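As a plain string of letters, each chain reads:
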Amino acid sequence: MDSVVRNGDREKLIAAKEQWARQSRLLTGETRLREDDNRLPPGQHLVTSWPVLDIGITPTIRPESWRLDIGGLVQRPASFDLTEFGALPQTALRSDIHCVTSWSRFDNDWIGVAAPDLLADVKPLAKARFVQLEAYDGYTTNLPLDSFGRDDVVLATHWQGQVLSVEHGAPVRLVVPQLYFWKSAKWLRRIEFTEIDRPGFWEQRGYHNSGDPWLEQRYG
C-alpha cells in the first residue's frame, strides 16, 4: 500500500481544523429533534455534489491486497479479503450525509454490508462497548457499539449504483448517517471492539467525542 499526500500540505490542513475547534467555528448554539420535518441539522446547508475531505493522504490500495481485520472483544475474529467481504449479506440503504464543515447531502444510496450483519458474523462479547476504526491512511475514529450497530449503518462498497471511488473511500468505507461524517471512516483497514473508549484522530484534536449533528456536537 502506497500513500499520496496531496499538495504536500497535510500539516496545514490539520492545523486549520484544530483552529476551527478552538474557535468553535460554525457553531450556532441550536439543537433540533431528529423527528423535525426539517432534514437539515443546525448550521448545515444543502449541497448536491459530494465534497472530498480527508486528512491529506490518499492511500493507493491494491484490490488483491486489501483486507479488513476485525478483532478485540469478539467471539470470532475475522480477516476478510474483497471476495470474502463481498460474500457477506449485501444490503441497499438510503441516507443523508452531514459533514462537520457545514454541508449536507440528501438521499445517498449505498450498497454494502449492514453493520448488524457484520456483528452477527463476528459476535462481540458482552463486555464490548466501543468500536475503534482504523483506515489505510492512518486515520482513526471511535464509536459506541450501540451507534455502530444501528440498522442504518453500512460498510459501503457502492454509492448511487456505482462502485465507490477511491477518493471517497474505496474499496470499503463506513457510513454512520446519524453522526457527523468524520465518524464514517474511509479506506477501512481494521475494526476493533473494546471495553474502553479511545478517542480517534479528530477527537484528539478538539472535535466532539460523539458528533451528533442534531445536537450540534461539532467540538468537544
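Just so it is clear, the model here is predicted, and its values are computed rather than measured.

## Details of the overall build of the protein
The helix and strand inventory of the protein stands at four helices and 13 strands. Taking 17 Å as the expected radius of gyration for a compact globule of 220 residues, we find that the protein reaches 17 Å, a close match to that expectation. Principal-axis analysis of the C-alpha atoms gives the protein an extent of 45 × 40 × 35 Å. Going through the 220 residues of the protein one by one, you find that 50% of them count as buried. Carbon and sulfur atoms make up 50% of the accessible area of the protein, which totals about 10400 Å². Across the protein, the 26 positively charged side chains and the 30 negatively charged ones have centroids separated by 3 Å.

## Describing the sheet that holds strand β8 (residues 130-135)
Read from one edge of the open sheet, five strands run β5-β4-β13-β8-β9, paired in mixed fashion. Looking at strand neighbours, the two that pair on one side only are β5 (78-80) and β9 (140-144), the edges of this open sheet. Strand-to-strand twist of the sheet, defined as the mean angle between neighbouring strand axes without regard to direction, takes the value 15°. Pairing geometry for β8 and strand β13 (residues 188-194), over six bridges, is antiparallel. Residue pairing in the sheet places L133 in a bridge with I191 of β13.

## Quick look at helix α1 (residues 10-23)
In this model, α1 (14 residues) spans 20 Å end to end at C-alpha, consistent with the 20 Å of a helix rising 1.5 Å per residue. Taken together, the buried positions of α1 are occupied by I14, K17, W20 and A21. Projection of α1 onto a plane perpendicular to its axis shows the buried side chains occupying an angular sector of 115°, all on one side. Looking at α1, the residues exposed on the side facing more than 90 degrees away from the buried face are E11, K12 and R22. S24 occupies a position one or two residues after α1 and carries a positive phi of about 55°.

## Observations concerning the nonpolar core
Among the nonpolar cores identified, the biggest contains 46 residues, and F148, L155, I191 and F193 are the most heavily contacted of them. Of the residues forming this core, the biggest block, four residues, is contributed by helix α3 (residues 115-122). Setting aside residues no more than four positions away along its own chain, I191 makes contact with L68, D69, I70, G71, L118, V131, Q132, L133, F148 and L155. Counting residues in hydrophobic clusters, the runner-up holds 13 residues, among them W159, L164, V175 and F181.

## Regarding the confidence of the model for the protein
Per-residue pLDDT for the protein has a mean of 92; in total, 94% of the residues score no lower than 70. In this model residues 1-5 is a low-confidence stretch, pLDDT under 50, and it forms 21 contacts with partners more than four residues away in sequence or in other chains.

## A short note on the packing of aromatic side chains
Using the criterion set out here, one finds 12 aromatic pairs in the structure. When the ring of W50 is compared with that of W110, the centres are 5.6 Å apart and the planes differ by 85°; the resulting orientation is edge-to-face. Of this pair, W50 sits in the loop between β2 (45-46) and β3 (57-60) while W110 sits in strand β7 (residues 103-114), placing them 60 residues apart in sequence. Since its relative accessible area comes to 10%, W50 is described here as buried. With centroids separated by 5.0 Å and ring planes inclined at 90°, the aromatic side chains of W182 and Y207 adopt a geometry described as edge-to-face. Of this pair, W182 sits in the loop between β12 (173-175) and β13 while Y207 sits in the segment after β13; the two residues are 25 residues apart in sequence, bridging distant segments of the chain. Note on W182: relative accessible area 8%, which makes it buried. Among the aromatic residues, ring-to-ring pairing joins Y139, Y180, W182, F201, W202, Y207 and Y219 into one connected group. A cation sits over an aromatic face here: R39 above F106, 4.1 Å from the ring centre. In this structure, R205 packs its charged tip against the face of F201, placed 3.8 Å from the ring centre.

Conventions we followed
Residues numbered from 1 in each chain as written. Predicted model: local features only at pLDDT ≥ 70, side-chain atom pairs only at ≥ 80, totals over all residues. Heavy atoms only, no water. Helix = DSSP H or I, 4+ residues; strand = E, 2+ residues; numbered from the N terminus. Rg over C-alpha atoms; globule rule 2.2 N^0.38 Å. Buried < 20%, exposed > 50% of the residue type's maximum accessible area, 1.4 Å probe, protein only. Areas by Shrake-Rupley, 256 points an atom, 1.4 Å probe, with all protein chains shown as cover. Lys, Arg positive; Asp, Glu negative; His and termini not counted. Charge placed at Lys NZ, Arg CZ, Asp CG, Glu CD. Pairing = 2+ DSSP bridges. Axes fitted to C-alpha atoms, helices over the stretch in contact; angles between N-to-C directions. Expected span 1.5 Å × (residues − 1). Arc of directions from axis to C-beta. Core = buried A, V, L, I, M, F, W, Y, C linked by side-chain atoms within 4.5 Å. Contact = heavy atoms within 4.5 Å. pLDDT = per-residue confidence, 0-100. Phe/Tyr/Trp six-rings, centres within 6.5 Å; stacked < 30°, edge-to-face > 60°. Lys NZ or Arg CZ within 6 Å of the ring centre and 35° of its normal.

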